[in-house]
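Observations on chain architecture
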Amino acid sequence: MKVIRTIAELRSEIQDRQQSGYGPVGLVPTMGYLHEGHASLMRKAREMSGTVVISIFVNPIQFGPGEDFETYPRDEARDVALAESEGVDVVFIPAVQEMYPQPTKTKISVAEITSLLCGASRPGHFDGVTTVVSKLFNIIKPDYAFFGMKDAQQVAVIEQMVRDLNMDVTIVPCPIIREADGLALSSRNVYLKPEEREQALVLSGSLRTAQEAIQQGQAATAGEIRAHLREYISRSPLADIEYAELLTFPELVPVEDSYRMVDGDSPVIMALAVRFGRTRLIDNALIQPKVGGSHV
Ligand code: AMP
């Protein structure tokens, strides 16, 4: 496995591997502090690609003022060891100066679907994401790029960008990986104090019980589900709900309260953002349309 820090060296390494006939290039973009969620993306990439590249870059332009850019957890040695154990071929770890030698005057911006959910509370965040992902796509020219459904809005936004700009890459969404007790893995989970960590289970708990209620026919409308999510999360005194929304996926159109969960022909996403002290957690679950009498 090679650890590469410059764009020039990365381009030449990928070109060499292409000329040697390694086959498709798979890219897993990350901000590091890798965990089992990232590892699942690397495994999927390994299955589908002859060359697996992961990037580790805490991208300053996707953080707003007062967010955790400076304090974002970092552990390069551990990340490199984990990538190696997953059979990654190239780890790209550029410095900020390498990616942004001057402040960028060009930004990629996806409209509409970036103005709600996380985009509403983090203005400019998705422009930062789509800009850096475009740069990585231009540098690496991957055949496949792997993204976790943990960040479902990010998947929708990147798929929109790829379609709109005819980018020659296939986006592969990968399932959310959870701790045994249900908490979705996140690099930011290390910020949680023990009591917050315990109460953070209300995110996955509210989604799980909502799914059960839909399956058992106890909650039939989007309004009932919204109420259930809010009520369940509010049982945690430390939880501060930023949003608990139901939207079509991947179009991200909020569904009406009267919408009957069994009627849809498009998947509906239940999307949550909840603050515990200074830590902001997100989670979500997809509800597939009802086919032949049961949800799939
Ligand atoms: P990050 O390093 O947090 O920017 O995440 C890098 C990639 O890993 C993104 O595509 C995330 O959606 C994905 N990811 C993060 N946590 C998880 C998880 N628990 N399950 C699946 N994918 C994840």
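Everything below is about the structure shown above.
About the criteria used
Residues numbered from 1 in each chain as written. Predicted model: local features only at pLDDT ≥ 70, side-chain atom pairs only at ≥ 80, totals over all residues. Heavy atoms only, no water. Buried < 20%, exposed > 50% of the residue type's maximum accessible area, 1.4 Å probe, protein only. Helix = DSSP H or I, 4+ residues; strand = E, 2+ residues; numbered from the N terminus. Pairing = 2+ DSSP bridges. Right-handed = clockwise from strand over helix to strand, strands pointing away. Core = buried A, V, L, I, M, F, W, Y, C linked by side-chain atoms within 4.5 Å. Domains from an automatic or database assignment. Contact = heavy atoms within 4.5 Å. Expected span 1.5 Å × (residues − 1). 1 Å grid on protein atoms, 1.4 Å probe; cavity = no way out; pocket = protein on both sides within 12 Å on 5 of 7 lines; lining within 4 Å. Points joined across faces, edges and corners; volume = space filled by probe spheres on them. Nonpolar A, V, L, I, M, F, W, Y, C, P; charged D, E, K, R; others polar. Near = heavy atom within 4 Å. Polar contact = N/O pair within 3.5 Å; in protein donor to acceptor, adjacent residues only side chain to side chain. Areas by Shrake-Rupley, 256 points an atom, 1.4 Å probe, with all protein chains shown as cover. Axes fitted to C-alpha atoms, helices over the stretch in contact; angles between N-to-C directions.

With respect to burial, strand S2 (residues 25-30) is a largely interior element, six of its six residues being buried. Judged by which residues are buried, S2 turns out to be covered on both faces: Val25, Leu27 and Pro29 on one side and Gly26, Val28 and Thr30 on the other are all buried. Here S2 pairs with strand S3 (residues 51-56) via six bridges, running parallel. Note that in S3 the partner of Leu27 across the bridge is Val53. Considered for its hand, the β-α-β crossover made up of S2, helix H2 (residues 36-48) and S3 is right-handed. With two bridges connecting them, S2 and strand S5 (residues 144-148) associate as parallel partners. Across the sheet, the residue bridging to Leu27 is Ala145, located in S5.

Cis geometry marks the peptide bond from Phe249 to Pro250; its omega dihedral reads 10°. With respect to the secondary-structure elements, Pro250 resides in the loop between strand S7 (239-248) and strand S8 (268-276). With phi around 50°, Lys141 is a residue other than glycine that occupies positive phi space. With respect to the helices and strands, Lys141 occurs in the loop between helix H6 (125-140) and S5.

Of all hydrophobic cores here, the largest spans 45 residues; its most connected members are Leu10, Met99, Phe137 and Ile140. Sorting the residues of this core by element identifies helix H1 (7-19), S2, strand S4 (90-92), H6, S5, helix H7 (152-164), S7 and S8 as the ones contributing at least two each. Considering each element in turn, this core owes the most residues, eight residues, to H6. Looking at which domains feed residues into this core, each of domain 1 (2-174) and domain 2 (192-295) supplies at least three. Once you skip the residues sitting within four places of it in the chain, Phe137 turns out to touch Leu27, Pro142, Ala145, Phe147, Met161, Val162, Met167, Val169 and Ile171. Core analysis: the second largest hydrophobic core is formed by 28 residues, Ala222, Met261, Val268 and Ile287 among them.

We now examine H2. For H2, which comprises 13 residues, the first-to-last C-alpha distance of 18 Å matches the rise-based estimate of 18 Å (1.5 Å per residue) to within 8%. The complete set of buried residues in H2 reads Gly37, His38, Ala39, Ser40, Leu41, Met42 and Ala45. In this fold, the buried residues of H2 make contact with S2, S3, helix H3 (76-85), S5 and strand S6 (170-174).

Under the definition given, this model contains two cavities of 30 Å³ or more. Empty space within the largest cavity amounts to approximately 50 Å³. Lining the largest cavity, in full, are Lys150, Leu183, Ala184, Ser186, Asn189, Ala200, Leu203, Leu281, Ile282 and Asp283. By residue number, the principal contributor to the lining of the largest cavity is strand S9 (residues 279-287), which donates three residues. In terms of residue class, the lining of the largest cavity is made up of six nonpolar, two polar and two charged.

Here Gln154 lies in helix H7. If we skip the residues at most four places from it in the chain, Gln154 touches Phe126, Val129 and Phe147.

On to the site of the ligand. Around the ligand, the surrounding shell holds 17 residues, and the nearest of these are His38, Gly148, Asp151, Ile177 and Leu185. One nitrogen or oxygen atom from the side chain of His38 is found 2.9 Å from an oxygen atom belonging to the ligand. Considering the ligand on its own, with 480 Å² of exposed area, one finds that the protein chains cover 92% of that surface. Of the residues forming the shell around the ligand, the biggest block, three residues, is contributed by H2. Considered class by class, the residues forming the shell around the ligand number nine nonpolar, six polar and two charged.

Further remarks concern the sheet that holds S4. The six strands lie next to each other as S1-S4-S3-S2-S5-S6, forming an open sheet whose pairing is parallel. Of all strands in the sheet, those bounded by a partner on one side alone are strand S1 (2-4) and S6. On average, adjacent strands in this sheet sit at an angle of 25° to one another, irrespective of strand direction.

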